[in-house]
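Architecture and fold: a report
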Amino acid sequence: MSVSPGAAAPLINRPLLSELFSAFVIVSISGFGGALPWARRMIVEQRRWMTAEEFNEAFALSQFLPGPNVVNFSVVFGSRFGGAAGAAVALAGLMGPPLVIVTVLAFLYARFGDLEILSRILAGITAAATGLLIAVVAKMAAPLFHKRWDWAPLIAIAAFIGVAIMQWPLPWVFAALAPVSIALAWVKR
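Residues numbered from 1 in each chain as written. Predicted model: local features only at pLDDT ≥ 70, side-chain atom pairs only at ≥ 80, totals over all residues. Heavy atoms only, no water.

1. A few points about the overall build of the protein chain
- Tallying secondary structure elements over the protein chain gives seven helices and zero strands in all.
- In the protein chain, the order of α-helices and β-strands from amino to carboxyl end is α-α-α-α-α-α-α.
- Within the protein chain, buried positions represent 26% of all 189 residues.
- Intrachain contacts of the protein chain at a sequence separation of at least 6 include 57% that bridge at least 24 residues.
- Surface exposure of the protein chain reaches about 12300 Å², of which carbon and sulfur atoms provide 72%. (Helix = DSSP H or I, 4+ residues; strand = E, 2+ residues; numbered from the N terminus. Buried < 20%, exposed > 50% of the residue type's maximum accessible area, 1.4 Å probe, protein only. Contact = heavy atoms within 4.5 Å. Areas by Shrake-Rupley, 256 points an atom, 1.4 Å probe, with all protein chains shown as cover.)

This is the structure in structure tokens:
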């Protein structure tokens, strides 16, 4: 994180292991079906353990690791503040409650899965999760557009157009834009 010479460095609260666990329990329960928006809200906006830029950087790292992004993020975040123990408690807080909830729901679905109202409820949950995902993407992209208007937002817009609008395969869009992005970053340095 770079701070301009005249600006004061932001205060970062260092969470205890119990705070890490309880925060990720809240995230996992609140974000059933999509924990990223809730993780960002908890870590950046409510607890102020990271700035928006730091969150984006940690999340970008977690996208390169194999496995689900939010799970990777919990391990990266937990290890940043508590080492291996922090990674373990953040992961346990994120994965424990959904495991219990899914087990109970699987039992209930096996028993009552033929009810029409259940399919309506699931459709509503899907719509809400989609809206939350769109909202968090907008919040994560905002620092790119407020900070500077150079090539980075243009690459993001080009990727969105290629995948969402043109419906080109993601690997093709990635293969085309990654070298361009790397070259532009190299030239800018």
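2. Re the nonpolar core
- Counting 24 residues, the largest nonpolar core has Phe24, Leu36, Ile43, Met50, Phe55, Phe73 and Phe77 as its most contacted members.
- Per-element tally for this core: the top contributor is helix 4 (residues 69–112), with seven residues.
- In contact with Phe77, other than residues within four places in its own chain, are Leu20, Phe24, Ile43, Trp49 and Met50. (Core = buried A, V, L, I, M, F, W, Y, C linked by side-chain atoms within 4.5 Å.)

3. Observations regarding the packing of helix 2 (residues 36–46) against helix 3 (residues 52–64)
- Interhelical geometry of helix 2 versus helix 3 gives an angle of 140° and a closest axis separation of 10 Å. Regarding the angle of helix 2 to helix 3, the classification is oblique. Seen along the crossing, helix 2 lies across helix 3 with a hand that is right-handed. Touching Leu36, Ala39, Arg40, Ile43 and Val44 of helix 2 are Ala52, Phe55 and Phe59, all from helix 3. (Axes fitted to C-alpha atoms, helices over the stretch in contact; angles between N-to-C directions. Parallel < 35°, antiparallel > 145°, perpendicular 65-115°, else oblique. Left-handed = near helix turned anticlockwise from the far one by under 90°.)

4. A few points about the confidence of the model for the protein chain
- Across the protein chain, the average pLDDT comes to 84, with 90% of residues at 70 or higher.
- The least confident element of the protein chain is helix 5 (residues 116–147), whose mean pLDDT is 81; the most confident is helix 1 (residues 17–30), at 92.
- Across residues 1–9, where pLDDT falls below 50, the model places six contacts with residues more than four positions away in sequence or in other chains. (pLDDT = per-residue confidence, 0-100.)

5. Details of the side chain of Ser28
- Tracing the sequence through the fold places Ser28 in helix 1.
- For Ser28, the side chain forms a polar contact with the main-chain oxygen of Gly93, separated by 3.2 Å.
- Other than its neighbours up to four places away in sequence, Ser28 contacts Gly93, Leu94, Pro97 and Pro98. (Polar contact = N/O pair within 3.5 Å; in protein donor to acceptor, adjacent residues only side chain to side chain.)

6. Remarks on the packing of aromatic side chains
- Here the structure, examined in full by the defined rule, presents six aromatic pairs.
- For the ring pair Phe55 and Phe59, a centre distance of 6.4 Å and an interplane angle of 5° mean the geometry is stacked. Placement of both Phe55 and Phe59 in helix 3 is noted, with a separation of four residues, approximately one turn of the helix. Residues Phe55 and Phe59 agree in their burial class; the two are buried. (Phe/Tyr/Trp six-rings, centres within 6.5 Å; stacked < 30°, edge-to-face > 60°.)

7. Quick look at helix 7 (residues 170–188)
- When the terminal C-alpha atoms of helix 7 are compared, their 26 Å separation across 19 residues agrees well with the 27 Å that a helix rising 1.5 Å per residue should span.
- Considering bend angle alone, the principal kink of helix 7 is centred on Leu177 and spans about 25°; proline Pro179 follows within four residues of it.
- Three or more residues of helix 7 are buried, namely Val173, Leu177, Ala178 and Ser181.
- For helix 7, the elements touching its buried residues are helix 6 (151–165). (Expected span 1.5 Å × (residues − 1). Bend = angle between axes of the 7 residues up to and from the residue.)

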